[in-house]
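If you want the building blocks of each chain, they are given just below.
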Amino acid sequence: MADTEFSTERLLEQAAGNQSALFLVALRWARERDGSVDAWATFVGDQFAEGWEDMRSAGAREVARQVGLNFACGADSSFVGLEGDDSRAEAVIEGPDAEWLADTGVSLADNDRANELIFRRIADGIGFSVETFRDNGRLHIVLSKA
């Protein structure tokens, strides 16, 4: 392998780290600039919502699985559970890792709030409601067909 080539595994590892870092640094920027992550997270949700239009006819379990995929792509969190059916389903996320939060100066509360707002906007756009809660270090994102 030449010095300019990287294995797929190495590229995916780097991309996951970059994705997590950019998300968390953007949260810190929003908090420092606006005093809250709300406006930034709502903007992101609005931008991503259109890309989820093909999920409008999907069941809640399929949408929750797609939510989980977004967390599985990052380096700071893991998609650890999926429960439910077509009318109501729950994605369970472990993380973000405390070290990632500390290194970027982001609070767990800001991280969870941003994810809630982003996925609420996406869910609204495809005919679902969303609720989030945290227990035992895990974020639960519950989607219900509206």
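Residues numbered from 1 in each chain as written. Predicted model: local features only at pLDDT ≥ 70, side-chain atom pairs only at ≥ 80, totals over all residues. Heavy atoms only, no water.

(A) Region of the structure containing the pattern of salt bridges. This model, assessed by the stated rule, comprises eleven salt bridges. R10 is the salt-bridge partner of E13, the closest N and O atoms lying 3.9 Å from each other. Linking E13 with R10, this pair stays in helix α1 (residues 8-34), spanning three residues, or about one helical turn. Residue classification places R10 among the partly exposed positions, given a relative accessible area of 37%. A salt bridge links R113 to E116, with the shortest nitrogen-to-oxygen separation between them at 3.7 Å. (Salt bridge = Lys/Arg side-chain N within 4 Å of Asp/Glu carboxyl O. Helix = DSSP H or I, 4+ residues; strand = E, 2+ residues; numbered from the N terminus. Buried < 20%, exposed > 50% of the residue type's maximum accessible area, 1.4 Å probe, protein only.)

(B) Main features of the packing of aromatic side chains. Across all of its chains, the model carries three aromatic pairs by this definition. Centre to centre, the rings of F23 and W40 are 5.7 Å apart; their planes meet at 65°, and the pair counts as edge-to-face. Here W40 lies in helix α2 (residues 38-49) and F23 lies in helix α1, a separation of 17 residues in the sequence. With respect to class, F23 is no different from W40; both count as buried. (Phe/Tyr/Trp six-rings, centres within 6.5 Å; stacked < 30°, edge-to-face > 60°.)

(C) Representation of the sheet that holds strand β1 (residues 78-84). Strand order in the open sheet formed by four strands is β1-β2-β4-β3, and the pairing between neighbours is antiparallel. Two strands bound the open sheet, and with one partner strand each, they are β1 and β3 (128-135). Here the strands of the sheet are splayed against their neighbours by 20° on average, with no regard to which way each runs. Set on the sheet, helix α5 (residues 108-125) makes contact with β3 and β4 (138-145); between it and β3 the angle comes to about 165°. (Pairing = 2+ DSSP bridges. Axes fitted to C-alpha atoms, helices over the stretch in contact; angles between N-to-C directions. Contact = heavy atoms within 4.5 Å.)

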